[in-house]
Each structure stands twice: as C-alpha cells, then as structure tokens.
Amino acid sequence: MSVNTRSVTKDELALQKDYSNRVKQLLNNRYDGKKPLACVVTYGCQQNVADSEHIKGMLDKMGYDFTEDRQAAKLVIFNTCAVREHAEDRVFGNVGALKKYKLANPDVVIALCGCMMQQKHIADKIKESFPFVDLVFGTHVVHKLPELLFKALTSNRRVFELPDIDGVIAEGIPVKRDSDSKAWLPIMYGCNNFCTYCIVPYVRGRERSRQVDEIVREFKQIVSEGYKEITLLGQNVNSYGKDLEPQVSFSQLLRMLNDIDGDFRIRFMTSHPKDCTRELIETMAQCDKVATHLHLPFQSGNNRVLKAMNRGYTREKYLELINYAKELMGDSLSITSDIIVGFPGETYEEFKDTLSLVDELGATGLFTFIYSKREGTPAAKLDDPVSHDEKAKWIAELLALQEQVSAREMKRHAGKTYKCYVTGKGKLGDNYLAARTDGNLIIEFEGGDRLIGTFQNITVTEPLTFVLKGEIEKN
Ligand code: 5AD
Ligand code: SF4
C-alpha cells in the first residue's frame, strides 16, 4: 500500500474501456469500417516518449492506425515539453501549421497534451489564439483519453481537461512500443526537488512510486515479448520507493529485476546526485544485467551556482560519487551528464568551474543547455545580466572541451572486450553492424545480419571520435 498516492480505481479504468469501445464503434460508422489514421508527435524527455506509447496503445484499441504524416491523419496529438522555451516555440509553430488542414477537414481532431499544457498561461493562449485545437489535456489525465476523445468527437464544444493535482498512478493502460528491442518502463512519476530553474515539479506533480509487483509484472511481460534493453524511468529514480509502505529502495528494486530470468539489460534514468548512494553504485557493479552507465546530471561545477539552483550537493560530493563508481566499475563505466550554461547571475569565472569539472569527469556524452527562463520558477525572478550571445560563446567552449574529453575517453577502450547488444546496420560500410556496450557506447564491427538482436562479445580495435571500431570475439 502506498501513502499519499491516488491510484486510478478499477471502476475508473473500466469506464475508460467502455468509452474506448464507444469511440471504436463511432469511428467504424463514420469511416465505413476503414481505420482512420492517427499521428502522435512527441517532444521532450523519455517520460513523454513513454506516455506517447500509452497514448498509441489506447488509440490502437480505439481502432486507429498510425501515420507520421500529419496531413494524412484524422487525429493529430502533440505531446509537448515545457522544460525549455525553444521546445514550446516549436509546438506553437507546428500546431499553427495545421490550421489550414483542420479548416479544410473539419472531421480532423487536433489535440495537445503534455507538460506545456499544465501551465495556465499556455492553456489560456491555446484557448484564445488556437481556436481550431479541439482537445487539450494535462499530464494527470492521460488514462482518460478514450473519454476525452469521445467528447471531442461527439460535441461541438472544445474539450479542456487540465486538473492541477499532485498526480495519480494508472496501471494496466495499453501500450504500443516504438521499438521491438528497447522498452521504457516508468517506475515513478513526478518530482519533489524544485531545482530553482525547473518547471517539471509544477507540471508533473509530486513524486509517486509504482508498486513493486506492478513493475515486476510489466518487466516480466516486456522480457517475454523479447525486449533486450529495458530502461527504468523516473525524474529521480534514486528516490524510488520512499513513498511506499513498507519502503523499498531503488537498489532493492534493481536487484529484484536483475534476478528475473532472461537475456536482457537494465538501464535507468535519471539519477540525482543528491540521492545517489554508494549502495546504488555497488548494486550497479554487482548486478550483471544492470548496465554500467550512470547518467548523473551535475548542472554546474560551481558550488555557489549549485546552491542557487537548489541542487542539494556540492562539486566535491559529486566527484566523490563518481570516483567511487570509477573505482568499482573501471573501464566498463560510462558517465553522461546534463549541464546548464548561464544560470541567472552565473559569472564566467564560475562557469570555468563547470569546464574544469567536465575535464575531470571524463564523460562520454553531455547534454548541454543554455538556461531558459521558466515562468513561475524561483530562478525566473533573478537578475540575468549575461546576454544570450555571451552564453552561446560559453557553451561553444564547453562543447569544444567535451570533444577532446570524449576522444580521450574513447581511447581508453582500445583492446578491451565488451558484451554488446547488436542493434542493426552500421554506418562505416555495407558489411558493418552497430552494437551497444553496457556503457551505451556504439561499436561497429563486420558481421552478418543474423547477429542483429543478439548479445555478442566485441573487442575494440580502433577508437574513432564518436564510435568505436571492433571485432567480434571468435569462439
Ligand atoms: N533551462 C535550461 N535547461 C533546463 N533543464 C531543466 N530546466 C531547464 C531550464 N529552465 C535541463 C536540465 C535537466 C534537463 C532535463 O534539462 O539540465 O537535467
Ligand atoms: Fe527538474 Fe530538478 Fe526535478 Fe530534475 S530533479 S526534474 S531538474 S526539479
């Protein structure tokens, strides 16, 4: 039993199933038994990708087929992201581009959902300036899509469903996965951290963990369907289970999943340095199916900036964790991170601490962002004297440094043998295949197509800048 979390009841789910059947019937009549097409456009993080896979699962049950072509679809859903302004601008541009199509085809439904919609000023803008949008729903009611779509299809009124709540958990929602080898598995939702720049806690609600048995059930199902790389998702997976009764730690969950029979690899994201424990690092090192890839965003290398961001750790604490991980996992460890450049009030001197941390860290990949002001967050009220152009110069300096660091890191792998999952065709030549290491690096090697979809041991023969070249181990 969890405390504080409202699970969607069986009755509510049954009601949605009922609506799903009604939509199916209605579409069947409207389009003479021919399946209408739906197009789901996803912005942002993996949690959104996972939500879209549930949206597609529900649409599939309602009788839709799928297309990538927006102007061939009878239903277009934009699943939006609010983390940065740039992503929001793209949504407005892309929705605006559908106006003519919608006006020429009144039976088409245009829908918007996701994090952007949970912000009142955005929902208001859609209401006023985008009158051809039929349906808008927030992050807490995705499971109600059948009911909302039924209403949008049967009434002349626009449907807005945007409750501002702490969040719910809905189990058993159908899912249609994009890949047949990689699966996303959300283990928790929401965020309690309130980093001062971030909108996520406001639009995704409070942290809530799925029950262990629900996760294990879905995990086994995914394995039985043949998925090989399973990524556990949460804004802060390290606080998984703190709201469950009895409490379960993320490490314990990983160990349970690692014990499940089958040939698969477990990945997870995102870890927060504040809650990342030595126990988690030991678990990663000890569990053979848990990938030795740590995505641990540090955001800034300067302690004053980290404090202003409300991150809850120092540069020294971060490095202590990283060094412990390096000690236990050696060359098989890959580190990746997120960095924000130009937080309000950050000086160039302070930014240089980020550069030196990047150098010391030795990450194989970085996701770097110029700070984007988010209305309603504490950082939005701070003075931000450094110009965008100046910040762009800083980020270019950071990327140049990371290219050197990455080349240096790639060299470390020469001569090493890693168990890799062969993902598909390579790019280095016709007979090359691409394979992914535990640490999420790509090794290309010569081999026959029958190896695609299997795990193989591959020895690195030549590190290139962004990929490794290798040879399959002869038995
Ligand atoms: N501006 C720029 N980057 C941001 N991120 C989150 N909020 C902002 C913002 N306001 C970045 C952080 C986070 C990643 C998912 O997005 O680096 O880790
Ligand atoms: Fe945003 Fe911080 Fe929560 Fe990540 S941990 S989602 S950056 S508030």
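Below, the structure is looked at part by part.

**Some thoughts on the packing of aromatic side chains**
- In total, this model carries 14 aromatic pairs according to the counting rule given.
- Between Phe 250 and Phe 268, the aromatic rings sit 5.1 Å apart at their centres with planes inclined by 75 degrees, giving edge-to-face as the arrangement. You can see Phe 250 sitting in helix α9 (residues 250-258) and its partner Phe 268 sitting in strand β13 (residues 265-269), a full 18 residues away along the chain.
- On the basis of relative accessibility, which here comes to 6%, the residue Phe 268 falls in the buried class.
- Where Tyr 348 meets Phe 351, the ring centres are 6.0 Å apart and the plane angle is 40 degrees; that geometry is what we call tilted. One end of the pair, Tyr 348, and the other, Phe 351, are both in helix α13 (residues 348-361), three residues apart, so they sit about a helical turn from each other.
- Members of the aromatic cluster, each reached through a chain of ring pairs, are Phe 92, Phe 130 and Phe 132.
- One cation-aromatic arrangement involves Arg 84 over Phe 369; the distance from NZ or CZ to the ring centre is 3.6 Å.

**Some points on the sheet that holds strand β9 (residues 182-186)**
- The parallel open sheet is built from three strands, whose spatial order is β9-β12-β13. The open sheet has two edge strands, β9 and β13, and neither has a second partner. Pairs of neighbouring strands in the sheet enclose a mean axial angle of 25 degrees, with direction left out of account.
- Across five bridges, strand β12 (residues 229-233) lies against β13 in parallel orientation. Looking at β13, one finds that Ile 230 is bridged to Ile 266.
- The strands touched by helix α2 (residues 46-61) are β9, β12 and β13; relative to β9, the strand with the most contacts, the crossing angle is about 100 degrees.
- Where helix α8 (residues 212-224) meets the sheet, its contacts fall on β9, β12 and β13, and the angle it forms with β9 comes to roughly 175 degrees.

**Looking at unusual backbone geometry**
- In the segment running from Glu 245 into Pro 246, the intervening peptide bond is cis, with an omega of -5 degrees.
- Here the bond from Met 269 into Thr 270 is cis, since omega is 5 degrees, no more than 30 degrees from zero.
- Here Thr 270 lies in the loop between β13 and α10 (278-286).
- Of note in this structure, Asp 32 is not a glycine but carries a positive phi near 50 degrees.
- Structurally, Asp 32 is set in the loop between α1 (10-30) and β2 (37-42).
- Phi angles above zero are rare outside glycine, and Asn 440 is one such case at about 70 degrees.
- Residue placement: Asn 440 occurs in the loop between β18 (432-437) and β19 (442-446).

**Quick notes on the site of ligand 2**
- The environment of ligand 2 is made up of Cys 191, Asn 193, Phe 194, Cys 195, Tyr 197, Cys 198, Val 200, Pro 201, Gln 235, His 272 and Arg 311.
- When its residues are assigned to classes, the shell around ligand 2 shows seven nonpolar, three polar and one charged.

**Here we look at the packing of α2 against helix α6 (residues 145-154)**
- Two numbers describe how α2 lies on α6: the axes approach to 10 Å, and their chain directions differ by 60 degrees. Of the possible angle classes, the one that applies to α2 and α6 is oblique. Remark: the crossing between α2 and α6 carries right-handed chirality. When α2 is examined against α6, the residues Ile 55, Met 58 and Leu 59 are found in contact with a partner set consisting of Leu 145, Pro 146 and Leu 149.

**Some points on the pattern of salt bridges**
- Scanning the model with the defined rule gives 33 salt bridges in all.
- Put simply, Lys 151 and Glu 147 hold a salt bridge, and the shortest N to O gap is 3.0 Å. Separated by four residues within a single helix, Lys 151 and Glu 147 lie in helix α6, roughly one turn from each other.
- Owing to a relative accessible area of 36%, Lys 151 belongs among the partly exposed residues under this scheme.
- Classification of Glu 147 by relative accessible area gives buried; the value is 11%.
- Residue Arg 315 is joined to Glu 360 by a salt bridge in which the shortest nitrogen-to-oxygen separation is 3.7 Å. With a gap of 45 residues between them, Arg 315 in helix α12 (residues 315-329) and Glu 360 in helix α13 connect regions that are remote in the sequence.

Parameters and conventions
Residues numbered from 1 in each chain as written. Chains lettered and ligands numbered in written order. Predicted model: local features only at pLDDT ≥ 70, side-chain atom pairs only at ≥ 80, totals over all residues. Heavy atoms only, no water. Phe/Tyr/Trp six-rings, centres within 6.5 Å; stacked < 30°, edge-to-face > 60°. Helix = DSSP H or I, 4+ residues; strand = E, 2+ residues; numbered from the N terminus. Buried < 20%, exposed > 50% of the residue type's maximum accessible area, 1.4 Å probe, protein only. Lys NZ or Arg CZ within 6 Å of the ring centre and 35° of its normal. Pairing = 2+ DSSP bridges. Axes fitted to C-alpha atoms, helices over the stretch in contact; angles between N-to-C directions. Contact = heavy atoms within 4.5 Å. Near = heavy atom within 4 Å. Nonpolar A, V, L, I, M, F, W, Y, C, P; charged D, E, K, R; others polar. Parallel < 35°, antiparallel > 145°, perpendicular 65-115°, else oblique. Left-handed = near helix turned anticlockwise from the far one by under 90°. Salt bridge = Lys/Arg side-chain N within 4 Å of Asp/Glu carboxyl O.

Geometry only, nothing functional implied.
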